[in-house]
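Coordinates in review
Given next are the chains, with one letter for each unit.
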Amino acid sequence: MSSDPSAAVQRDASGRLRHLITLEGLSRAEITTLLDLAQSYVRPAGAFPARDRGLAGHTVANLFFEPSTRTRVSFELAAQRLGAEVVNLDMQSSSRVKGETVLDTIYTLQAMHADILVMRDAEPGLPAAIAQLVAPHVAILNAGEAHLSHPTQGLLDALTVRQHKGDFGALRVLIAGDIAHSRVARSAWQAFRTLGVAEMRIAAPKDLLPGKEEFAGASRYTDIDRAIEGVDVVMALRIQRERMGSARIPDEAGYHRTFGITPERLRQAARDALVMHPGPMNRDVEIASIVADGPQSVIQQQVANGVAVRMAVLTTIARNLRGEGSR
Amino acid sequence: MSSDPSAAVQRDASGRLRHLITLEGLSRAEITTLLDLAQSYVRPAGAFPARDRGLAGHTVANLFFEPSTRTRVSFELAAQRLGAEVVNLDMQSSSRVKGETVLDTIYTLQAMHADILVMRDAEPGLPAAIAQLVAPHVAILNAGEAHLSHPTQGLLDALTVRQHKGDFGALRVLIAGDIAHSRVARSAWQAFRTLGVAEMRIAAPKDLLPGKEEFAGASRYTDIDRAIEGVDVVMALRIQRERMGSARIPDEAGYHRTFGITPERLRQAARDALVMHPGPMNRDVEIASIVADGPQSVIQQQVANGVAVRMAVLTTIARNLRGEGSR
Amino acid sequence: MSSDPSAAVQRDASGRLRHLITLEGLSRAEITTLLDLAQSYVRPAGAFPARDRGLAGHTVANLFFEPSTRTRVSFELAAQRLGAEVVNLDMQSSSRVKGETVLDTIYTLQAMHADILVMRDAEPGLPAAIAQLVAPHVAILNAGEAHLSHPTQGLLDALTVRQHKGDFGALRVLIAGDIAHSRVARSAWQAFRTLGVAEMRIAAPKDLLPGKEEFAGASRYTDIDRAIEGVDVVMALRIQRERMGSARIPDEAGYHRTFGITPERLRQAARDALVMHPGPMNRDVEIASIVADGPQSVIQQQVANGVAVRMAVLTTIARNLRGEGSR
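Residues numbered from 1 in each chain as written. Chains lettered and ligands numbered in written order. Predicted model: local features only at pLDDT ≥ 70, side-chain atom pairs only at ≥ 80, totals over all residues.

**Observations regarding the relation of the copies chain A and chain C**
Relative to chain C, chain A is turned by 120 degrees and slid 0.0 Å along the rotation axis, the superposed coordinates differing by an RMSD of 0.0 Å. With respect to symmetry, the two chain copies, as superposed, fit the operation of a three-fold axis. It is N88 of chain A whose C-alpha, among those of chain A, lies nearest the rotation axis, at 6.1 Å. (Least-squares fit on C-alpha atoms with pLDDT ≥ 70 in both.)

**Brief notes about the sheet that holds strand β5 (residues 172-176) of chain B**
Residue and element names in this part refer to chain B. With parallel pairing, the five strands of this open sheet are ordered in space as β7-β6-β5-β8-β9. Every interior strand has two partners, whereas the edge strands, β7 (219-221) and β9 (274-276), have only one. Here the average twist between neighbouring strands, direction ignored, is 20 degrees. Of the strand pairs in this sheet, strand β6 (residues 199-203) and β7 are connected by three bridges, and their pairing is parallel. Bridge pairing links R201 to S219 in β7. (Pairing = 2+ DSSP bridges. Helix = DSSP H or I, 4+ residues; strand = E, 2+ residues; numbered from the N terminus. Axes fitted to C-alpha atoms, helices over the stretch in contact; angles between N-to-C directions.)

**What to know about the nonpolar core**
Membership of the largest hydrophobic core comes to 321 residues, with the highest contact counts inside it found for V234 of chain A, A176 and V234 of chain B together with A176 and V234 of chain C. Aside from chain neighbours lying at most four places away, what touches V234 of chain B is L174, A176, I228, I261, L266, A269, A273, V275 and M276 of chain B. (Core = buried A, V, L, I, M, F, W, Y, C linked by C-beta atoms within 7 Å. Buried ≥ 20, exposed ≤ 12 C-beta atoms within 10 Å, placed from the backbone. Contact = placed C-beta atoms within 7 Å.)

**Here's the deal with the packing of helix α4 (residues 102-111) of chain A against helix α12 (residues 299-321) of chain B**
Look at α4 of chain A against α12 of chain B: their axes get within 8 Å of each other, and the N-to-C directions meet at 50 degrees. Accordingly, the angle class assigned to the pair α4 of chain A and α12 of chain B is oblique. As α4 of chain A runs across α12 of chain B, the sense of the crossing is right-handed. Across from Y107, T108 and A111 of chain A in α4 of chain A, the residues of α12 of chain B making contact are Q300, V303 and A304 of chain B. Its residues assigned to classes, the contact of α4 of chain A with α12 of chain B shows four nonpolar, two polar and no charged. (Parallel < 35°, antiparallel > 145°, perpendicular 65-115°, else oblique. Left-handed = near helix turned anticlockwise from the far one by under 90°. Nonpolar A, V, L, I, M, F, W, Y, C, P; charged D, E, K, R; others polar.)

**A short note on the interface of chain A and chain C**
Interface size, as often reported, equals the accessible area lost upon joining of the parts. On the side of chain C, 22 residues touch chain A, which itself brings 23 residues to the contact. Elements represented by at least two residues in the side of chain A that touches chain C include exactly α3 (70-81) and α12 (299-321) of chain A. Classifying every residue of the side of chain A that touches chain C by side-chain character gives eleven nonpolar, seven polar and five charged.

By themselves these figures say nothing about function.
In structure tokens, the structure reads:
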């Protein structure tokens, strides 16, 4: 078990996943089972999406305290296609303005029989805190928590790699960009580590590397050209333009020159290396547009897998809520 | 019949409820029938919510000119769970900005076969005015009108009390707080009075008591400690922080000290008195947090009953629109 | 075929409509077939709306870069009533703020198996540009493009006229108002011209007439009193208040006096002339309130037909996407 308190909080008395707050503490078998279920929901482009009634009777509430399009729509479609009722709460215009606490909003939704609450917040700790306070029939799904955790993103990244590479044991994976502030990096790292990749590398400008106590076992780079050598997977992270004003970070063109994933740099990776990005992309900043749209890019496949992974998580959590899950 | 013009406006030629704008003028039998139907939609926490197809074919439009989370979501879930099509209109970003009148927006929705229009507005009079102008197959449901009326709130309050106390004839009910500006107080009072409670008390700081022509028959208090003595139900109202700047109203801490529902004050009520609040709460202002979460609190049950009551109202109104209702 | 590039872009290799971006280039037979299908979805006021499952499995995404209530709700209800999954994206609060391109947003939705993208934008050219870039199983429906095109509006206008007048060959049609900036005027003109109306007139204050290269064959007027003489259809356009500040345009009262559709002016039209307006209306500016609500007005019928037309377009496009359409 992990030292991350969320890892324990998210399990019920039988050890089943009742919430999904972090990938920390999930076993390889648990992740593999989720990926297998997600894979069963994948359909080729142009086919109708998978649909079933596994969430019929359940009510999913999307609570996004940070604005998001892609993740909110991904969860909304996943829930709809499983037959759930879905409500969206824009937490900027909500009763928060009337002074209500977040917890009272949660209790209100819970009283209305909303039983799966999908939550995104800029501050750390809310999902775990809420998970300890909701009723036994209510689950919290973390859709993005500060710089800490974005578990469905980590799962979709793993699923995408598995579809192309099969065995994780032979893989060298690079995550490049603003690692320090990235929940995507943390969740992807947790997934890949647990799935047993051969080598994990993180690369960032010096000021954007995380503290040494994090990403234990990963190789650390500040030189992207060295970091990318021979890797099988390159995951570029979004540069947050709003931080670009800071003196310690170069401007966009400078970032691209010193750290962007360019065709030249990509040639230093393994010949069939995958190019990934969690989106939304800043084209020609952290990633060259031609690379994002190139033959090695699986960026749109990540998005497609996102819906499948969220269907798998919703289905699993709903089963566990009803006491039907197996360990 | 009542002197409130909305009371007549909301009935069709046969005297059936076609709209629900106010509880004024509803008979005890009518309210009881609505509560009975609502009770049939109540499910225990942890069970799936009640669902049926009673609104299949109907289209419910939520028009909220004032922001609201809980009431909008409550109506949305009630309509979804009855099989209706539901659309939400954010009337701040609507065509109102292009100069369209509210009435033309209503006519537009009506032409699109939206037949149940759920409306909240800060100004008095809109629901009754609209109700007189819509087509015969269209119903208006008042989801909060200025300080005047919030009929589904009054019904859910009555249902919650009935679930615990059964007979209204023996009950002493206190509503405490900003009575003057409260649509919740007015609708609750109409419901409890019609259901025949033994005694109705209202308590407010002097400047927040309503005029003498209102709440006829209720006992009036400015001293919360005297008002709460021996009552069976204590309903605390939300203090509207935005008005707190006014010189005549004390600050939040002062309000709590002089008028908040504290554990000490609650001990002066009947031993098994219910504690109610319409939400959203300002904890430790109008109500002590420990009281809101205490064993006598039925606040979350009110929220749960809200969905059930709205399902009952939607079902009843839809039947009456189709000419299937009995009187 | 037309010189409008969108006219070619919207067809697949077999010449079928894959997208709907403009009415330019549609044959009379194609428009008639769409109107016939739309007519089959029309229900009388007070009846339940038409519903079927023709879009089951499809996912419709509404992307409105300009705010809209009526068109967005009309498409949303049309899609819901055909059994589609529907998601709404408020593109003001979207990932656009994070620097993502519109195209990447489209690719994201496409990857999520959203296959019908309904789009409104203030700039010209986006729908045609996007249509050339999406996957073969994805269709773009233009829900309003700058001053250029609003094809479902043109179709609903034609349907409304057909319901009252039958044969287009005998009709004189007037469109009056800010023609230069009106997508409604352009799409209506394309529809009526193709359907073979006897005479098409456009009338606008001098500065609001379009260039001579547009509306070829239409008679042009700057005097509304002359333009309206003997016409069978009068379509008034919305004056955009936001432009009213400009020196060349009179104020609202002045506009009404010199260009508004008043009862006096309407008496110069044919005795049974239809009065139309695309909404939202500025009452007593471009149209007298008494005319808008008068016996010759079919304005609400236009709104009702809007849902029917959008159902017909969605059904047709979905069939063509699946390769089931006939030419």
